[in-house]
Amino acid sequence: DQQVKQNSPSLSVQEGRISILNCDYTNSMFDYFLWYKKYPAEGPTFLISISSIKDKNEDGRFTVFLNKSAKHLSLHIVPSQPGDSAVYFCAASAEGANNLFFGTGTRLTVIP
Amino acid sequence: GAVVSQHPSWVICKSGTSVKIECRSLDFQATTMFWYRQFPKQSLMLMATSNEGSKATYEQGVEKDKFLINHASLTLSTLTVTSAHPEDSSFYICSASFGTGGYGYTFGSGTRLTVV
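Everything quoted here is computed from the prediction, not taken from an experiment. (Residues numbered from 1 in each chain as written. Chains lettered and ligands numbered in written order. Predicted model: local features only at pLDDT ≥ 70, side-chain atom pairs only at ≥ 80, totals over all residues. Heavy atoms only, no water.)

Trainee: Help me out: how do you make sense of the state of the cysteines in this one?
Mentor: A covalent bond between the sulfur atoms of two cysteines is referred to as a disulfide. Throughout the structure, instances matching the rule amount to two disulfides over all chains. The disulfide that involves A:Cys23 links it to A:Cys90, with 2.0 Å between the sulfurs. On the sign convention where negative means left-handed, the S-S torsion of about -70° between A:Cys23 and A:Cys90 marks this disulfide as left-handed. In this pair, A:Cys23 is assigned in strand E3 (residues 19–25) and A:Cys90 in strand E9 (residues 86–94), connecting sequence segments 67 residues apart. On the basis of relative accessibility, which here comes to 1%, the residue A:Cys90 falls in the buried class. What pairs with B:Cys23 in a disulfide is B:Cys94, and their sulfur atoms sit 2.0 Å apart. (Disulfide = S-S within 2.5 Å. Helix = DSSP H or I, 4+ residues; strand = E, 2+ residues; numbered from the N terminus. Buried < 20%, exposed > 50% of the residue type's maximum accessible area, 1.4 Å probe, protein only.)

Trainee: How should I be thinking about the sheet that holds strand E7 (residues 67–73) of chain B in this particular structure?
Mentor: Paired through backbone hydrogen bonds, the strands of a sheet run either parallel or antiparallel to each other. Residues and elements named next belong to chain B. Read from one edge of the open sheet, four strands run E1-E3-E8-E7, paired in antiparallel fashion. Single-partner strands in this sheet number two, and they are strand E1 (4–7) and E7. Direction aside, neighbouring strands of the sheet carry axes that sit 15° apart on average. Pairing geometry for E7 and strand E8 (residues 76–81), over five bridges, is antiparallel. Looking at the pairing, Ser 73 lines up with Leu 76 of E8. (Pairing = 2+ DSSP bridges. Axes fitted to C-alpha atoms, helices over the stretch in contact; angles between N-to-C directions.)

Trainee: What am I meant to see in the sheet that holds strand E1 (residues 4–5) of chain A here?
Mentor: All names here are of chain A. With antiparallel pairing, five strands are arranged side by side in an open sheet as E1-E3-E8-E7-E6. Each edge of the open sheet carries a strand with a single partner, namely E1 and strand E6 (56–59). Sheet topology note: the E6/strand E7 (residues 62–67) ladder contains four bridges and is antiparallel. If you follow Lys 56 over to E7, its bridge partner there is Phe 65.

Trainee: Explanation requested: the interface of chain A and chain B in the structure shown.
Mentor: Often, the extent of an interface is quoted as the loss of accessible area on bringing the components together. Across the contact, 20 residues belong to chain A and 20 residues belong to chain B. The junction of chain A with chain B conceals about 1,600 Å² of combined surface from both sides, 60% of it contributed by carbon and sulfur atoms. Taken together, chain A and chain B are joined by zero salt bridges. Counting across the interface, chain A meets chain B through two residue pairs in polar contact (both at pLDDT 80 or more). Breaking the side of chain A that touches chain B down by element, the ones donating at least two residues are strand E4 (30–38) and E9 of chain A. For the side of chain A that touches chain B, the element with the most residues is E4(A), which contributes four residues. Taken together, the residues of the side of chain A that touches chain B break down into ten nonpolar, eight polar and two charged. (Contact = heavy atoms within 4.5 Å. Buried area = accessible area lost by both parts, 1.4 Å probe. Salt bridge = Lys/Arg side-chain N within 4 Å of Asp/Glu carboxyl O. Polar contact = N/O pair within 3.5 Å; in protein donor to acceptor, adjacent residues only side chain to side chain. Nonpolar A, V, L, I, M, F, W, Y, C, P; charged D, E, K, R; others polar.)

As structure tokens, this is what we get:
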């Protein structure tokens, strides 16, 4: 049972444009959400997170939006850069739990 | 910042042999470490959660006798793939946590295991 879903396996965007990566979840107990970036043969690196008490968190070019009623979050990258090309994983955790549930990832390709 | 070192980064072994993967937290004490497995084009799947000084908790479908996890200290957890088979070939990643509820996760760099 996939509790965190990323329905787009891949996304291609022109350099300088906005990249929007989407993530849906089913467990209403999730209260903390994270985005990780992963290059091939490397471990994921933390990108940005958001608590369920917020609906937006911004860090430089990266902004995460959370819509709790729709159980949906998205990661916006603007402007997109070729170095952003990687696989992006959405992850979620529930209060008091100490493990993460991951989505299946979206491969972002930023075209120069 | 918190650093998790995972070793080796890649390993090739023969069927039937055992392989040990180490995960170390370098500058913090990790009471909990996690082991994930990633198949090509799939998500990170949690295999087991290990707590220092106690037995690991395995996820459903993960063979505990095949994937031995030891968390003997607050800075070291090991995953041993016993009697490896080609279908065990995968990318294994550890992470360490110094908090709960999604905070304080750091991942190792991963280990590519190829069983021939």
